[in-house]
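Architecture at a glance
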Amino acid sequence: MGFLHDSQKGGSGGGGLFSRGFKSLIRRKQVDSIHAKSSAGGHHQLAKELSVTHLIAIGVGSTIGAGVYILVGTVAREHSGPALAISFLIAGIAAALSAFCYAELASRCPSAGSAYHYSYICVGEGVAWLIGWALILEYTIGGSAVARGISPNLALLFGGADSLPAFLARQSIPWLGIVVDPCAAILVFIVTGLLCVGIKESTVAQAIITTANVCAMIFVIIAGGYLGFKTGWPGYELPVGYFPYGVDGMLAGSATVFFAYIGFDSVASTAEEVKNPQRDLPLGIGASLSICCMLYMLVSIVIVGLVPYYAMDPDTPISSAFASHGMQWAAYIITLGAFTALCSTLMGSLLPQPRILMAMARDGLLPSFFSDVNERTQVPVKSTIVTGIIAATLAFSMDVEQLAGMVSVGTLLAFTMVAISVLILRYVPPDVVPLPSSLQESIDIVSLRYSSSGRDIDRENPKDHGGTSKDSTQPLLGKGATLVGCPLIVKQAAQGGYILNEDKRRKVAGWTIMLTCVGVLLLTSAASYVGLPSFLRYTLCGIGGTLLLSGLVVLNCIDQDDARHSFGHTGGFICPFIPLLPIACILINVYLLINLGSSTWTRVSIWLLVGVLVYAFYGRNHSSLTDAVYVPAAHVDEIYHSSESSLA
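Below: a short report on this structure. Source: prediction; values computed, not measured.

What counts as what
Residues numbered from 1 in each chain as written. Predicted model: local features only at pLDDT ≥ 70, side-chain atom pairs only at ≥ 80, totals over all residues. Heavy atoms only, no water. Helix = DSSP H or I, 4+ residues; strand = E, 2+ residues; numbered from the N terminus. Buried < 20%, exposed > 50% of the residue type's maximum accessible area, 1.4 Å probe, protein only. Areas by Shrake-Rupley, 256 points an atom, 1.4 Å probe, with all protein chains shown as cover. Contact = heavy atoms within 4.5 Å. Core = buried A, V, L, I, M, F, W, Y, C linked by side-chain atoms within 4.5 Å. Patch = residues over 30% accessible without salt bridge, like charges linked within 9 Å, V, L, I, M, F, W, Y side chains within 5 Å. Salt bridge = Lys/Arg side-chain N within 4 Å of Asp/Glu carboxyl O. Pairing = 2+ DSSP bridges. Axes fitted to C-alpha atoms, helices over the stretch in contact; angles between N-to-C directions. Parallel < 35°, antiparallel > 145°, perpendicular 65-115°, else oblique. Left-handed = near helix turned anticlockwise from the far one by under 90°. Nonpolar A, V, L, I, M, F, W, Y, C, P; charged D, E, K, R; others polar. Disulfide = S-S within 2.5 Å.

So, about the overall build of the protein. Assigned secondary structure in the protein consists of 25 helices and four strands. Expressed as a percentage of the 648 residues in the protein, the buried residues total 55%. As displayed, the protein offers around 26,200 Å² of accessible surface, 67% of which is attributable to carbon and sulfur atoms.

Given below as structure tokens:
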């Protein structure tokens, strides 16, 4: 049978209750494997219909919203000036850091849960729950805000703000103090119905709408370029130079336009519906981000060249730029582009939400109602309908624009946690994995097989002993004890010295990752809060910078874990420049998070507090890992083969 870790024995009384509660927060799940999916009976499987082309349509459609048609004017006037294209380039490079991290994890762990799933595997259940809960907020508020912005653009296509039929036009209800938007609700219901038909059908529709939006942007580039060469690019003939607000202004512009790249992560949420996820997911993420960056830069180059940055209309910069050169009719094409951009972004916002709910329900953290997949369409219809009803209600009855900042919190938290997960995967990947208690007989058979030869498999039932094994529940702090019974480790132990060195390496790597994150938080917080006393501010910046640089040096000097080569699904994309790239990604995202503003964080904190209560009273007790048995990862396939043999 198995030997228990000394630290896991006992656990009675109040201290044991607290210990079990804490360990439920840091227990980690297994990468969805072929064995795990086959044991699930196949009733939760999604249709594998998507190729690279579909993924690019989802990525570009979810990323390029109508905001770019307004953003170029605001950022050019207030921050970047003629250097707007450079601001978009820098923001695109910053977004690419997160895209690299997503690409590796999406190909290694292809699951519908996206960042929630990666956090659950690499960090723990508590953090994964908060990420999933924040993503629910992001997609719900994001979809409602986008839908709310469609009706004004639709009205412009029909001739003006009062051109829509009465049943579609916004109406004020004085006794409730709200302005309802029937058009927004109807569009949400249409998109919801389309998403219920099937993933391939909805993606084809999104591809058509996205193509129309891209064509409108290409028109701006070509027609604007013609006007620019014809008039001599008056926007660049300025005495103040290319950087009227200095390099600082250009960088401030980059921080603002960074949010124009949010959306490519929607690609990762469709991982289970991709035909070849190891190849297609990285290509889809990278290609969609590259296309968006190129379009943003070209539009920026053209528009700031047609009109001086200080003369731009902050509300309709592109239409006004063409109108100043006698092309008033171009406003209809630009308005059509903004309308199609909003429709495509609405589909991109509602698509991932049901899959996040489905993934969380599969893990027992939400009711099983959300995990049901329709047999005919092979999409989570129930989750999609619930998502559509909530989004339509909010879009109909609430002015959600003031809540739009909350959308960024979920995205930036997910980006940050994905980067941390890459570091954990490379330096301290999980070396024990949970198996369902239904495999207990097979675990005992394999354990007995090694026991008879003088070796044993170290395992533990977390329900009986107050949590998971120490190796599983301490993803950052490394091993607490030797895995007695793993044959390879036993052989190396006989030769002497190996276990001690490997144990120290994992501990050093784990502590370094944790302290690096602490350093990032101290540095960005002190740099952002200018109201702090100078001495305290500079001291915190110094401590944070020291921890950050020390962590980077230490992680560069120590070896990465050999288990990374076999972790998850191999043969996919490998993130380059480890550990520099993920640490830079963490630094950028945490800085943007801190600068979102106190009002945004107050609203988000209320939502996260509700999530903590839901997890404490439901998720923790219904988690699929409650009865899990943790075994060394090296023996998982052997245990599954033993189970299949006994069934045969």
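With that settled, the discussion passes to the environment of Ser114. Mapped onto the elements of the fold, Ser114 is located in the loop between helix H5 (84-108) and helix H6 (115-122). Judged by its relative accessible area of 4%, Ser114 is buried. When the C-alpha atoms of Ser114 and Ala359 are compared, they prove to be 8.9 Å apart, with 245 residues separating the residues in sequence. In this view, Ser114 contacts Tyr102, Asp265, Ala268, Ser269 and Ile356; residues no more than four positions away in its chain are not counted.

Core analysis: the largest hydrophobic core is formed by 164 residues, its most contacted members being Tyr69, Tyr102, Tyr296, Ile303, Ile318, Phe322 and Leu346. Each residue touching Tyr296, except ones within four places of it in the same chain, is listed here: Thr63, Ile64, Gly65, Val68, Phe88, Met217, Ala260 and Tyr261.

Another point: a nonpolar patch on the surface. A cluster of nonpolar side chains, namely Ile90, Tyr242, Phe243, Val247 and Leu251, defines an oily patch on the protein surface of about 390 Å² accessible area. By secondary structure assignment, the location of Val247 is in helix H11 (residues 246-257). Classification of Val247 as partly exposed rests on a relative accessible area of 48%.

Along the chain, Ile578 connects to Pro579 via a cis peptide bond; the corresponding omega equals 5°. With respect to the helices and strands, the residue Pro579 is situated in the loop between helix H22 (534-557) and helix H23 (580-594). In the Ramachandran plot, Trp233 falls in the positive-phi region, its phi being about 50° despite a non-glycine side chain. The topology assignment puts Trp233 in the loop between helix H10 (199-231) and H11. Despite not being glycine, Phe577 has its phi angle at roughly 55°, a positive value. Of the residues examined, Phe577 reaches a relative accessible area of 65% and is grouped as exposed.

Okay, the pairing of strand E3 (residues 432-435) next. Here E3 shows no split at all, with Val432 and Pro434 on one side and Val433 and Leu435 on the other all buried. Both E3 and strand E4 (residues 629-632) contribute to a ladder of four bridges, which runs antiparallel. Along E4, the bridge assignment pairs Val432 with Pro632.

Moving on to H6. Here H6 lies mainly inside the structure; eight of its eight residues are buried. The secondary structure elements touched by the buried residues of H6 are H5, helix H7 (125-148), helix H15 (352-362) and helix H17 (405-427). The positive-phi residue at the C-terminal boundary of H6 is Gly124, with phi of around 160°.

Running from N to C, helix H9 (residues 182-197) and helix H14 (residues 330-350) point in directions that differ by 60°, and their axes come no closer than 10 Å. Relative to H14, the element H9 is oriented oblique. Once H9 is placed against H14, the crossing between them reads as right-handed. Contacts between H9 and H14 involve Leu187, Val188, Val191, Thr192, Leu194 and Leu195 on the former and, on the latter, Leu346, Met347 and Leu350. Residues belonging to the contact of H9 with H14 are distributed by class as follows: eight nonpolar, one polar and no charged.

What the rule picks out here adds up to zero disulfides. Cysteine Cys122 shares no disulfide, and the gap to the nearest cysteine sulfur, in Cys109, comes to 6.0 Å. Look at Cys122 and you get buried, because its relative accessible area is 1%. As a non-bridged cysteine, Cys293 has Cys292 as the owner of its nearest cysteine sulfur, 8.7 Å distant. By relative accessible area, Cys293 is classed as buried at 13%.

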